[in-house]
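One-letter residues, chain by chain:
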Number of protein chains: 2
Amino acid sequence: MKAKVYVTLKPSVLDPQGKAIKHSVELLGFSGISDIRQGKYFEIAIEGPLNVDQAREEAVRMAHDVLSNPIIEDFRVEIEE
Amino acid sequence: MKAKVYVTLKPSVLDPQGKAIKHSVELLGFSGISDIRQGKYFEIAIEGPLNVDQAREEAVRMAHDVLSNPIIEDFRVEIEE
């Protein structure tokens with residue numbers, strides 16, 4: 001089973017890295033871009049006797065405790081069988 | 001319109017950062033994790049007269065030219081209206 005965790009900055013948090021990417025992209029001639037925000041993406045391979053619900057629970061706990069900073073970041077978990 | 005770009009290391013490329021996260025996660029008592037790989041995630045807000053196909057084309061070009069290193073990374077683009 002595979003868990004995919006997407007971590008993004010909360011909308012209220014400034015993203016200077018995203019702003020820098022947007023600037024570079026505009027210099028390279030891409031147009032119509034109003035905003036770019038960068039986040040993190042984790043693929044977690046889960047083995048063993050867990051069912052989908054248990055795997056989701058484990059992945060959410062991991063995302064909350066380790067992979068994200070809940071003060072400034074949101075996360076989203078998807079389970080793929 | 002929003003384009004989501006997922007950038008991951010190619011399977012053949014070593015991911016020491018993912019290995020370090022896996023190690024930490026195991027020390028914290030999570031079990032049944034066989035692998036963790038870290039990637040990048042970008043949310044791109046697209047404005048203007050582009051239709052979905054044009055937006056996808058623009059996002060793919062951006063992902064290939066700026067957001068990823070095609071030698072060691074793969075990317076995937078999703079368009080959300």
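So, how was this worked out
- Residues numbered from 1 in each chain as written.
- Chains lettered and ligands numbered in written order.
- Predicted model: local features only at pLDDT ≥ 70, side-chain atom pairs only at ≥ 80, totals over all residues.
- Heavy atoms only, no water.
- Least-squares fit on C-alpha atoms with pLDDT ≥ 70 in both.
- Contact = heavy atoms within 4.5 Å.
- Buried < 20%, exposed > 50% of the residue type's maximum accessible area, 1.4 Å probe, protein only.
- Helix = DSSP H or I, 4+ residues; strand = E, 2+ residues; numbered from the N terminus.
- Pairing = 2+ DSSP bridges.
- pLDDT = per-residue confidence, 0-100.
- Arc of directions from axis to C-beta.
- Polar contact = N/O pair within 3.5 Å; in protein donor to acceptor, adjacent residues only side chain to side chain.

So, the relation of the copies chain B and chain A
With an axial shift of 0.0 Å and an RMSD of 0.0 Å, the rotation relating chain B to chain A amounts to 180°. Put plainly, the chains are arranged around a two-fold axis. Identified as the residue of chain B closest to the rotation axis by C-alpha distance is B:Lys40, at 2.3 Å. Of all interface residues in chain B, 100% are interface residues in chain A too; the two copies therefore contact each other through one and the same surface.

As for the pairing of strand S1 (residues 2–9) of chain A
All names here are of chain A. Buried residues dominate S1, accounting for six of its eight residues. Strand direction decides the pairing type here: S1 and strand S2 (residues 33–46), joined by six bridges, are antiparallel. Bridge pairing in S2 links Lys-2 to Ala-45. Bridging between S1 and strand S3 (residues 73–80) involves eight bridges; their strand directions are antiparallel. Counted as the bridge partner of Leu-9 is Glu-73 from S3.

Some thoughts on the confidence of the model for chain A
Overall, the prediction assigns chain A a mean pLDDT of 93, with 100% of residues at 70 or greater. Two numbers describe this predicted complex: its pTM, 0.88, and its ipTM, 0.85.

Examining helix H2 (residues 52–67) of chain A
Burial in H2(A) covers these residues: A:Ala55, A:Glu58, A:Ala59, A:Met62, A:Ala63 and A:Leu67. Across the axial projection of H2(A), the buried residues extend over an arc of 140°, all falling on one side. What points out from H2(A), more than 90 degrees from its buried face, is the exposed set A:Asp53 and A:Glu57. On its buried side, H2(A) packs onto S1, S2 and S3 of chain A together with helix H1 (16–27) and strand S2 (33–46) of chain B. You can read the cap of H2(A) off the contacts: a side-chain oxygen lies 3.1 Å from the backbone nitrogen of A:Asp53, and it is on A:Asn51.

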